[in-house]
There are 2 protein chains.
Amino acid sequence: MSPLRTVGAAKAVRPCLASCRVASPRGFSSAGAVRPAAAKPFVAGEPNGPSLKTKSIPGPESTRIVKELSQVFDTRSFNMLANYPNSIGNYIADPDGNVLLDVYAQIASIPVGYNNPTLRQVAQSPEMVDALINRPALGNFPSHTWAALLKSGVLKVAPKGLSHVYTAMAGSDANEIAYKAAFMYRRQLERGGPDVEFAPEEIESAMRNQAPGSPQLSILSFKSGFHGRLFGSLSTTRSKPIHKLDIPAFDWPQATFPQLKYPLDQHVAENEKIEQASIDEVEHLIKTWHMPPAAVVVEPIQSEGGDNHASPSFFRKLRAVTRKHKVLLIVDEVQTGVGATGKFWAHDHWNLDDSPDMVTFSKKAQAAGYYYRSKDMRPNMPYRQFNTWMGDPAKALIFRGIISEIERHDLVANTARVGDYLYGKLEGLSQRFPDHLQNLRGKGQGTFIAFDNPKRDEFLKKAKTFGINIGGSGASAVRLRPMLIFQEHHADILIEALEKIIKAL
Amino acid sequence: MSPLRTVGAAKAVRPCLASCRVASPRGFSSAGAVRPAAAKPFVAGEPNGPSLKTKSIPGPESTRIVKELSQVFDTRSFNMLANYPNSIGNYIADPDGNVLLDVYAQIASIPVGYNNPTLRQVAQSPEMVDALINRPALGNFPSHTWAALLKSGVLKVAPKGLSHVYTAMAGSDANEIAYKAAFMYRRQLERGGPDVEFAPEEIESAMRNQAPGSPQLSILSFKSGFHGRLFGSLSTTRSKPIHKLDIPAFDWPQATFPQLKYPLDQHVAENEKIEQASIDEVEHLIKTWHMPPAAVVVEPIQSEGGDNHASPSFFRKLRAVTRKHKVLLIVDEVQTGVGATGKFWAHDHWNLDDSPDMVTFSKKAQAAGYYYRSKDMRPNMPYRQFNTWMGDPAKALIFRGIISEIERHDLVANTARVGDYLYGKLEGLSQRFPDHLQNLRGKGQGTFIAFDNPKRDEFLKKAKTFGINIGGSGASAVRLRPMLIFQEHHADILIEALEKIIKAL
């Protein structure tokens, strides 16, 4: 554990729960203000704030180690080297002794803090040892405890209306197996039901990768969407050329994602038109694309693509238009899921009458897969949706631990509240520095907040020198992806640092 | 741990090493013979043999649990329910108290036995706890210990000539990122080198999934090959229609894999012609296919597709023809790798002058990824081969533990020797029951042995009633995939059971 000076362990302050909303008014300007007393952190042992030991990051020790690593592993996308045993809660440490407030959190994939003691217990449990050393082929030889593990973990937080799950390994393959399910479902409809046998021509042509066995069907996705980087998922990813160049892709359709004006509440009528045009385009593509879509895949907030939002009304219309044309709706919650938007699933904000057909998850869940409605969405025969491992009980155990930690501390409510607090502070900052915080967005979406900065890449780099680890998305967005254990006092530290970064740009 | 009666723990027999070859002559008929004294098992606590408690498998308790599981998880491909804490070494237990000799080993993915004590230590180590609760985005925030972990584990067993690695999550995505590397490498060659910039037309068209940005290139694979079930890997998989039906696929070429006559040493001249025809077809496809192949992917032994073998000479020719046409050679060692063929990598049998360009691994490694030659095979810019996790240090730790266990007990040599012993016994059996053990194959390939049986599916089912868990491949093959800790006395038990199965069919 970190030898750093700590708060929380020593102080007997109660965790900041619902009452803090009053104590921490929105729009509170941090400049020169006295910080409110820090609440007890959810992970004991956190430092009071960032601390920097070297003039720049990476420091000499990190530089030496990265050089060694680059001999055998591609390190050109390296951001900073981490010393994980010394990291704690919201703080990431490096081998040079620097400690940064981490609002990027391993690309939005650490939910309850570094070295979380609840997860430590899970990692040390006999069940975990068993899962690690006796890894099952879950489709063939599930453990006698697998049903209970699913029900007490992954399925305990299943989105409304989706009570079944296929587990997978990561976000990309979670999306791809959802796509496969959609194709099989579509062809079954076309064929006339689950009991209609494959035609000899289908069986023969599938082995040659030709229609009708390998059908000319598609998945419809949105411009600037991101759904992963394997061949099927990458065909639906439209984030950046660097993600796609030189990789063969399916000729699948893309609709324009609404490019809304922010703040959303000041451009309602205008944005509604933009959203309707997008829905119309979706319907047009469904009706006319030469490879008909079996499903539409959409992120509740386009995350890699630049933190692009749309309204609940847009998504309700999308649900309606997909239902109308018997096209499945897959909601990709790989980055938005597990609490970050102030609801457990971001699509909970939409108040759908009719749930999505599938919801994919990964990242903060550490486990991965897709939830689905009912048994009739399973392929009609065994071994059609199958692979050796079909997920990983070790990660399902971690997810269960994360869920228990979220429940114990009411971390989704925490994130909603702290998000509102942080958004208010950022609004104040954007009024003072409008050129540096453009298109502030994510109001009411927990800590899933972003803004555009014209010198974004420099901004991100400079942040490290003020003790903040922060990421970007799209062309110019600074994206905030704090953990669910991010509190008001962390927000204050972040706001102070953002002001310093802006002034140093 | 299992409360079963055990051998090994009580007996002080030395492990059966090189000297056993003499003590266990090939072709020894098990019928009515006295078994040689059992050697000490590599995992202490193994039972003397299988033991069955219920009339059939699944028994009542398994049936009850599977019914419950099927409410939320697809169990139609279920083979048997396992009680992993009660499983030990080569033996898998179920919740009804049945204990079977497991020569399927989680579809060939358990290398050193259930509840291996060395792996248990790894699973309980502080490094493992750290890896589980602080999972890094390896491309951005590698741990300061990642280089050392790679060098002492994954890279310690790197195939000759391939000193670099990209890590992944499972076999399918290991193959797909290798394919992506091949496409980027190919386009870089066509473009004129790593410093030539992308053309605006490439950048623009890639975002529309169109050429030239999304190039009309392919991966050439072999008929009856298996390389995974995501969209790119499935386009190279040609095993069974059930794997491919209803899933869109790329129009990529397939060459005929040599369909050799067994035993190989009795059909040398004939087989050589068959292999040459296959090489000629590969060259023809490389020269003429409308989407030129950037790489050829091949399994050393086609594993899912029916245990189809080819000679070292075939693979040397394949290396030559790919080199000649500047097409990369990807060897898919997902199932054959990590010792099962009596060499650490199956392609070590080929004596290549010129190593493959990439070798993919997963399954018995528990970790996954691809090895490659040199830095010039990395994409020319960062973030081209990238995803959130890029592998999993927890699995890299397990792989390191597996490697240490293999070294400690010389398990690759064990597998070579026991494989020869087992093959000899099977030859004897095939002479007595030629209709039931057709096309026996895998001589000199460790325990990677298979034979055809006309009632294969019944054979596999019947095996459970004689205490054996065994799998199939292709249309009619019984495939043996014992663990690396499989010994002569396990082979004897297996042979006795096979005879009983045959007689009961």
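Rules behind the numbers
Residues numbered from 1 in each chain as written. Chains lettered and ligands numbered in written order. Predicted model: local features only at pLDDT ≥ 70, side-chain atom pairs only at ≥ 80, totals over all residues. Heavy atoms only, no water. UniProt positions renumbered as here; feature names shortened; annotations may be inferred. Helix = DSSP H or I, 4+ residues; strand = E, 2+ residues; numbered from the N terminus. Buried < 20%, exposed > 50% of the residue type's maximum accessible area, 1.4 Å probe, protein only. Contact = heavy atoms within 4.5 Å. Areas by Shrake-Rupley, 256 points an atom, 1.4 Å probe, with all protein chains shown as cover. Lys, Arg positive; Asp, Glu negative; His and termini not counted. Charge placed at Lys NZ, Arg CZ, Asp CG, Glu CD. Buried area = accessible area lost by both parts, 1.4 Å probe. Salt bridge = Lys/Arg side-chain N within 4 Å of Asp/Glu carboxyl O. Nonpolar A, V, L, I, M, F, W, Y, C, P; charged D, E, K, R; others polar. Least-squares fit on C-alpha atoms with pLDDT ≥ 70 in both. Axes fitted to C-alpha atoms, helices over the stretch in contact; angles between N-to-C directions. Parallel < 35°, antiparallel > 145°, perpendicular 65-115°, else oblique. Left-handed = near helix turned anticlockwise from the far one by under 90°. Pairing = 2+ DSSP bridges. Expected span 1.5 Å × (residues − 1).

As annotated in an unreviewed UniProt entry, chain A is 4-aminobutyrate aminotransferase from Ophiocordyceps australis. Recorded in UniProt under Catalytic activity (unreviewed entry), the annotation for chain A is "4-aminobutanoate + 2-oxoglutarate = succinate semialdehyde + L-glutamate".

K.L.:
Mind showing me how you'd approach the overall build of chain A here?
P.N.:
Counting its regular elements, chain A contains 16 helices and 14 strands. Its C-alpha atoms put chain A at 75 × 55 × 50 Å along the principal axes. By residue count, 66% of the 505 residues in chain A fall in the buried class. Put simply, of all contacts in chain A between residues at least 6 apart along the chain, 75% involve residues at least 24 apart. When the accessible area of chain A is evaluated, it comes to approximately 16900 Å², of which 53% is carbon and sulfur surface. Seen as two clouds, the 60 positive and the 50 negative side-chain charges of chain A have centres 4 Å apart.

K.L.:
So what exactly am I meant to see when it comes to the interface of chain B and chain A here?
P.N.:
Interface size is commonly expressed as the accessible surface area that is lost when the partners come together. If you look at the interface, chain B gives 124 residues, while chain A gives 124 residues. Carbon and sulfur atoms supply 61% of the area buried between chain B and chain A, which totals about 11400 Å² over both sides. The three residues of chain B that bury the most area against chain A are B:Phe73, B:Phe141 and B:Asp246, which together make up 7% of that side's buried surface. Viewed at the interface, chain A and chain B are joined by ten salt bridges. For B:Asp246, the salt bridge goes to A:Arg384, with nearest N and O atoms at 2.8 Å. When residues of the side of chain B that touches chain A are assigned to their parent elements, the largest contribution, eight residues, is made by helix α7 (residues 171-191) of chain B. Of the residues contributing to the side of chain B that touches chain A, the split by class is 64 nonpolar, 34 polar and 26 charged.

K.L.:
Honestly, the relation of the copies chain B and chain A in this entry has me stumped. Any pointers?
P.N.:
It takes a turn of 180 degrees to lay chain B on chain A, together with a shift of 0.0 Å along the axis; the resulting RMSD is 0.0 Å. Accordingly, the operation relating the two chain copies is best matched by a two-fold axis. The position closest to the rotation axis in chain B is occupied by the C-alpha of B:Phe231, lying 2.8 Å away. When you check the interface residues of chain B against chain A, 100% turn up at the interface there too, and the contact is symmetric in its surfaces.

K.L.:
What is the right way to look at the packing of helix α11 (residues 268-288) of chain A against helix α12 (residues 312-324) of chain A in this model?
P.N.:
The geometry of a pair of packed helices is captured by two quantities: the angle between their axes and the separation between those axes. All names here are of chain A. At a minimum axis distance of 10 Å, the contact between α11 and α12 shows a crossing angle of 15 degrees. On the basis of the axis angle, α11 is roughly parallel to α12. Here α11 runs over α12; the crossing is right-handed. Side by side, α11 and α12 meet where Glu275, Gln276, Ser278, Ile279, Val282 and Glu283 of the first sit next to Phe314, Lys317, Leu318, Val321 and Lys324 of the second. Residues of the contact of α11 with α12, tallied by class, amount to five nonpolar, two polar and four charged.

K.L.:
Whenever I open this one, the sheet that holds strand β10 (residues 438-441) of chain B confuses me. Can you help?
P.N.:
Each strand in a sheet pairs with its neighbour through backbone hydrogen bonds, running either in the same direction (parallel) or in the opposite one (antiparallel). Residue and element names in this part refer to chain B. If you trace the four strands from one edge of the open sheet to the other, you get β10-β11-β14-β13, paired in antiparallel fashion. Only two strands of the sheet have a single neighbouring strand rather than two, namely β10 and β13 (471-473). For this sheet the average axis-to-axis angle between neighbouring strands, irrespective of direction, equals 25 degrees. Bridge count between strand β11 (residues 449-452) and strand β14 (residues 477-480): four bridges; the pairing is antiparallel. For isoleucine 449, the partnering residue across the bridge sits in β14 and is leucine 480.

K.L.:
What exactly am I supposed to notice about α7(B) here?
P.N.:
Counting along an α-helix, one turn takes 3.6 residues, and residues three or four places apart therefore face a common direction. Residue and element names in this part refer to chain B. Across its 21 residues, α7 extends 30 Å between first and last C-alpha, which sits within 8% of the 30 Å expected from 1.5 Å per residue. Here α7 lies mainly inside the structure; 18 of its 21 residues are buried. Just beyond α7, the residue with positive phi is glycine 192, at close to 110 degrees.

K.L.:
For this particular structure, what's the right way to read the pattern of salt bridges?
P.N.:
Two side chains that carry opposite charge are able to pair once their charged atoms sit near each other. All names here are of chain A. According to the stated counting rule, one finds 64 salt bridges over all chains in the structure shown. With a closest N to O distance of 2.8 Å, arginine 479 and glutamate 304 form a salt bridge. On the criterion of sequence distance, the pair formed by arginine 479 in strand β14 (residues 477-480) and glutamate 304 in the loop between β6 (293-298) and α12 is long-range, its members being 175 residues apart. Grouping residues by exposure puts arginine 479 and glutamate 304 together as buried.

K.L.:
Would you take a moment to explain unusual backbone geometry for this structure?
P.N.:
The general pattern is negative phi for most residues beyond glycine and trans for most peptide bonds. Residues and elements named next belong to chain A. Residue proline 58 is bonded to the preceding isoleucine 57 through a cis peptide linkage, with omega at 10 degrees. Mapping proline 58 onto the fold places it in the loop between α1 (20-23) and α2 (60-70). Positive phi is not limited to glycine here, since alanine 108 has a value of about 65 degrees. By the secondary structure assignment, alanine 108 is in helix α3 (residues 105-108). The exposure class of alanine 108 is buried, given its relative accessible area of 1%.

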